[in-house]
Protein chains: 2
Amino acid sequence: MIEYSSHPHYLIAVDCIVFGFDGEHLKILLVKRNLEPEINKWSLMGGFVGKTETPDDAANRVLKKTTGLEGVYLEQLQIYGQPERDPIERTLSVGYFALIDINKYQDQLNDDHHAEWFLITDRPKLIFDHDEMVKDARIKLRYKAALHPILFEMLPKKFTIPQLQILFEEVNDTKIDTRNFSRKISSTGLLIKLEEKEKLGSKKGAYYFKLDKKKYKEGFQAFVNLIPRLKL
Amino acid sequence: MIEYSSHPHYLIAVDCIVFGFDGEHLKILLVKRNLEPEINKWSLMGGFVGKTETPDDAANRVLKKTTGLEGVYLEQLQIYGQPERDPIERTLSVGYFALIDINKYQDQLNDDHHAEWFLITDRPKLIFDHDEMVKDARIKLRYKAALHPILFEMLPKKFTIPQLQILFEEVNDTKIDTRNFSRKISSTGLLIKLEEKEKLGSKKGAYYFKLDKKKYKEGFQAFVNLIPRLKL
DNA sequence: GCAAAAGTGTTTCGAATACACCCATGA
DNA sequence: TCATGGGTGTATTCGAAACACTTTTGC
């Protein structure tokens, strides 16, 4: 029988950076690690890739198990493979980032899984190389969001233009001109204006919009250039 | 002692898609696989990730060993992890793509390593999921090259604007207006015009240019929008 | 009536495009 | 002298950016 005899074998893990938006700030979801080493330290949600799974499968499974989320936006970041990144045993980890609507899942999260949201700008130190992963994920999110309308994945079904703008500003760490922003967003044709108004954020109230799902799918691959000027 | 007892371990490989440009066409470098299974079939250059290596290290090593190339542009593509992608034993592979100047290395390649260049548009069927990797690499190359000046990595030290334009056209599978292209390229400030002319391609001859290395490094992260209109 | 946020319109500027002719040279 | 590819200039269009006022309504 043929075999790749002498080559070493390693554990393969996945780690998920979950981004969310609460209407004001960009946040990430963290859990307290439940195994040694580094037990009870803050960590990304991770798990090992099973025998019959692809890394994508594993990431989806881990996400479902730790957070109850299913069918969310999930994208591969890169592989992390420093030989000593896990002190116990060599483990290569495939980083993923996910985008979710915080509000939709908040209840289950707090109750069932001991996961907690942190401001992206004010989060605890994480185990292993997870801080590096978060940093990379943030850069990639920014990069991607500058060209593709993925940020809608973090908003509820109904949302207002001001909310959307704050999200863009958070992700890109910048201020955007209200008038130019709303014109640009309108020109994408991705939004459908609703009758209803949101009245919590202001006296006047802001109209709700929803995504035009069909156009969203069609236009997803198109470059849209949504950010005034991408600063790196 | 702590251990991650029961989780499965796998082989980790790297596979390199090497792009080159011969002045007329975009090409990729392939080798005949020298081990079972699929021995003597065309394949990407690959190898296993050693105990003390990162995947990046392994990719560089493989590239050096099979082609003699060192210090070339190398970027991680993604991980390929279908459980059955290698029929012998589960192996996850990290795909990389490299950009090199064909002419610089052509001699060593043919003599030492049995590697061969193929037109990207006319290449043999590859083993395992390598065709998928090539397809993905091409898309990523196009995407990246639309925003970053990476294509210079495939040109010799001295090159002409017409050569550069052909390269852009090949990568993007499109035709570009000569006048607009040269203006756009000039406006980047990345090129330095030389006295010397290239006389092989035409009677009149075309001026050689070289890269302004300093500006290239500075401007690498900046978006430059080098392609007239990116068609997806 | 006033504070606070929402919503909208115009002008300016620069980049992208479309387009056509002259130049230099070897054959 | 002519065929071949190299090199350049201009007008137009479109999108990006800068900029300020009016509207609504809860308090």
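Residues numbered from 1 in each chain as written. Chains lettered and ligands numbered in written order. Predicted model: local features only at pLDDT ≥ 70, side-chain atom pairs only at ≥ 80, totals over all residues. Heavy atoms only, no water.

Is there a simple way to think about the overall build of chain A in this case?
Counting secondary structure elements, chain A contains six helices and ten strands. Taking the principal axes of the C-alpha coordinates as reference, chain A spans close to 65 × 40 × 30 Å. A burial count over chain A gives 53% of its 232 residues as buried. Accessible surface computed for chain A: about 11,700 Å², of which carbon and sulfur atoms make up 49%. Charged side chains in chain A number 36 positive and 34 negative. The centres of these two groups are separated by 8 Å. (Helix = DSSP H or I, 4+ residues; strand = E, 2+ residues; numbered from the N terminus. Buried < 20%, exposed > 50% of the residue type's maximum accessible area, 1.4 Å probe, protein only. Areas by Shrake-Rupley, 256 points an atom, 1.4 Å probe, with all protein chains shown as cover. Lys, Arg positive; Asp, Glu negative; His and termini not counted. Charge placed at Lys NZ, Arg CZ, Asp CG, Glu CD.)

Is there a simple way to think about the interface of chain B and chain A in this case?
One widely used convention gives an interface's size as the accessible area the parts lose upon coming together. The interface is formed by 42 residues belonging to chain B together with 44 residues belonging to chain A. In total, about 3,800 Å² of surface goes out of reach between chain B and chain A, with carbon and sulfur atoms giving 68% of it. Linking chain B with chain A are zero salt bridges, by the criterion used here. Linking chain B to chain A there are 19 residue pairs in polar contact (both at pLDDT 80 or more). Elements with a minimum of two residues in the side of chain B that touches chain A: β1 (11-21), β5 (73-80) and β6 (91-100) of chain B. Of the residues belonging to the side of chain B that touches chain A, the class tally is 22 nonpolar, twelve polar and eight charged. (Contact = heavy atoms within 4.5 Å. Buried area = accessible area lost by both parts, 1.4 Å probe. Salt bridge = Lys/Arg side-chain N within 4 Å of Asp/Glu carboxyl O. Polar contact = N/O pair within 3.5 Å; in protein donor to acceptor, adjacent residues only side chain to side chain. Nonpolar A, V, L, I, M, F, W, Y, C, P; charged D, E, K, R; others polar.)

Which parts of the structure should I look at to understand unusual backbone geometry?
Of all residues except glycine, most have a negative phi; of all peptide bonds, most are trans. All names here are of chain A. With omega at -5°, the peptide bond leading from E36 into P37 counts as cis. With respect to the helices and strands, the residue P37 is situated in the loop between β2 (26-32) and β3 (42-43). Even without being glycine, D173 reaches a positive phi, approximately 50°. With respect to the element layout, D173 can be found in the loop between α4 (161-172) and α5 (178-188).

Help me understand the sheet that holds strand β9 (residues 191-198) of chain A, please; the structure alone is not making it clear to me.
The pairing of strands in a sheet comes from backbone hydrogen bonds and takes either a parallel or an antiparallel form. Residue and element names in this part refer to chain A. Strand order in the open sheet made by the three strands is β8-β10-β9, with antiparallel pairing throughout. Edge strands, defined here as strands with exactly one partner in the open sheet, are β8 (159-160) and β9. One ladder, built from five bridges, connects β9 with strand β10 (residues 206-211); its direction is antiparallel. Bridge assignment links E198 to a residue of β10, and that residue is A206. (Pairing = 2+ DSSP bridges.)

Which parts of the structure should I look at to understand the packing of aromatic side chains?
Aromatic ring pairs are described here by two measures, namely the spacing of the ring centres and the angle between the planes. On inspection of all chains with the given rule, the structure shows twelve aromatic pairs over all chains. Ring geometry for F152 of chain B against F159 of chain B: centres 5.8 Å apart, planes inclined by 45°, an arrangement best described as tilted. Joined through ring pairs, the aromatic side chains of F19, Y73 and F97 of chain A make up one cluster. Between the NZ or CZ atom of R90 of chain A and the centre of the ring of Y10 of chain A, over which it lies, the distance is 4.7 Å. The ring of Y207 of chain A is capped by K193 of chain A, whose NZ or CZ atom sits 4.3 Å from the centre of that ring. (Phe/Tyr/Trp six-rings, centres within 6.5 Å; stacked < 30°, edge-to-face > 60°. Lys NZ or Arg CZ within 6 Å of the ring centre and 35° of its normal.)

I tried to follow the packing of helix α3 (residues 130-145) of chain B against helix α4 (residues 161-172) of chain B on my own but got confused; where do I start?
To describe two helices that pack against each other, one gives the angle between their axes and the distance between the axes. Residues and elements named next belong to chain B. Put simply, α3 and α4 touch, their axes get as near as 9 Å, and they point 130° apart. Taken together, α3 and α4 sit at an angle that is classed as oblique. α4 is crossed by α3, and the crossing has left-handed handedness. Of the residues in α4, those in contact with R138, L141, R142 and A145 of α3 are F168, E170, V171 and N172. Its residues assigned to classes, the contact of α3 with α4 comprises four nonpolar, one polar and three charged. (Axes fitted to C-alpha atoms, helices over the stretch in contact; angles between N-to-C directions. Parallel < 35°, antiparallel > 145°, perpendicular 65-115°, else oblique. Left-handed = near helix turned anticlockwise from the far one by under 90°.)

Which parts of the structure should I look at to understand the pairing of β1 of chain B?
Residues and elements named next belong to chain B. In terms of residue burial, β1 counts as a mostly covered element, since eleven of its eleven residues are buried. Residues L11, A13, D15, I17, F19 and F21 line one face of β1 and the alternating positions I12, V14, C16, V18 and G20 line the opposite face, and both faces are buried. Sheet topology note: the β1/β6 ladder contains ten bridges and is parallel. Bridge pairing in β6 links V14 to V94. Here four bridges tie β1 to strand β2 (residues 26-32), and the two strands are oriented antiparallel to one another. Among the inter-strand pairings, F19 is bridged to a residue of β2, identified as I28.

In this structure, what is going on with the sheet that holds strand β10 (residues 206-211) of chain B? I would like to understand it.
Taken in spatial order, the three strands line up as β8-β10-β9 (chain B) in an open sheet, and their pairing is antiparallel. Edge positions in the sheet fall to β8 (159-160) and β9 (191-198) of chain B, since each of these pairs with one other strand and no more.

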